[in-house]
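Read off the chains here:
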Amino acid sequence: MSSKGNATGSRVTLHVVSSLDGFIARKDNSVSWLHANGSIYEAGVSISEEEAAIFVKAIDCYVLGSRTYEHALELGWPYGDTPTVVVTGRKLPSTRKSVEFCSGDLKTLLDEKLAPRYRNIWLVGGAMLCQRFLELGLVDEIRLTIAPVLLGDGLRLFGGSLTEERWNLKNVVAYKNGFVELSYSATG
Ligand SMILES: NC(=O)c1ccc[n+]([C@@H]2O[C@H](COP(=O)([O-])OP(=O)(O)OC[C@H]3O[C@@H](n4cnc5c(N)ncnc54)[C@H](OP(=O)(O)O)[C@@H]3O)[C@@H](O)[C@H]2O)c1
């Protein structure tokens, strides 16, 4: 169950990919560095397409900020037909059946709209929306994937002011492509 936000059995997992120096996008928003090939880390694991598909199927809903949404439309939609909630105060044109636009207080959105409908909720960016979810104590798990690259500049992961809070390390997976996934659960 969400350890902080609600009592419906739903969980919010924040997932982002960061560079080694803590950026989630270049200044011009580009994320091509996510796909750059480096050397193979022999001791790492790789996952098959089937395994990835099974994993993604278990996600009930994606939540994203409007800027991430607009960027995803430009780059190629990565969320398939999974229900996707875009947080925005603007009136954006509807693009896909699976997309719903929401605004207003994030805790109310989670408690009244998302948690009753979805169990496995994935908050997938961007920095601004993730920051707000963390500030409000609405995240149960952080999955931080570190890409093996220094960017030097860009959009900071968790750039605002967060208060000190300890998280529990739950899992570490190192992949053959040099990416490392760190999973933490909230202590609350
Ligand atoms: N590396 C990764 O894993 C990763 C993941 C996701 C995104 N990204 C990158 O991150 C960039 C976008 O991130 P971003 O931080 O600029 O924007 P964002 O978090 O995607 O979107 C911010 C927008 O969300 C809306 N919003 C509504 N209520 C909000 C609230 N309470 N708190 C915060 N936002 C609220 C606002 O939209 P309105 O102005 O429409 O009201 C705000 O401008 C893109 O370049 C994307 O490619 C990287």
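Each remark here, short or long, concerns the structure printed above.
Residues numbered from 1 in each chain as written. Predicted model: local features only at pLDDT ≥ 70, side-chain atom pairs only at ≥ 80, totals over all residues.

Concerning helix H4 (residues 127–135)
- When H4 is considered as a whole, its buried residues turn out to be Ala 127, Leu 129, Cys 130 and Phe 133. The buried residues of H4 all sit within an arc of 165° when viewed along its axis, so they share a single face.
- Looking one or two residues beyond H4, the residue adopting positive phi is Gly 137, at roughly 70°. (Buried ≥ 20, exposed ≤ 12 C-beta atoms within 10 Å, placed from the backbone. Helix = DSSP H or I, 4+ residues; strand = E, 2+ residues; numbered from the N terminus. Arc of directions from axis to C-beta.)

Examining the site of the ligand
- Around the ligand sit 25 residues, and of these Gly 65, Thr 68, Gly 89, Gly 125 and Gly 126 come closest.
- Residue assignment for the shell around the ligand shows that the elements contributing at least two residues are strand S1 (11–18), strand S2 (23–25), strand S3 (61–65), helix H2 (66–75) and H4.
- A class-by-class count of the residues in the shell around the ligand yields 13 nonpolar, 9 polar and 3 charged. (Near = placed C-beta within 6 Å. Nonpolar A, V, L, I, M, F, W, Y, C, P; charged D, E, K, R; others polar.)

Focus on the sheet that holds strand S6 (residues 120–123)
- With mixed pairing, the 8 strands of this open sheet are ordered in space as S5-S4-S3-S6-S1-S7-S10-S9. Two strands close off the open sheet at either side, each with one partner strand: strand S5 (99–102) and strand S9 (167–174). Neighbour-to-neighbour, the strand axes of the sheet open up by a mean angle of 20°, direction not taken into account.
- Across 7 bridges, the pairing between S9 and strand S10 (residues 180–186) is antiparallel. In the sheet register, Leu 169 faces S10, and the bridge partner there is Tyr 184.
- The strands that H2 touches are S3 and strand S4 (84–87); relative to S3, the one it contacts most, it runs at about 105°.
- Sheet strands touched by helix H3 (residues 106–114): S1, S3, S4, S5 and S6. Its angle to S5, the strand with the most contacts, is close to 135°. (Pairing = 2+ DSSP bridges. Axes fitted to C-alpha atoms, helices over the stretch in contact; angles between N-to-C directions. Contact = placed C-beta atoms within 7 Å.)

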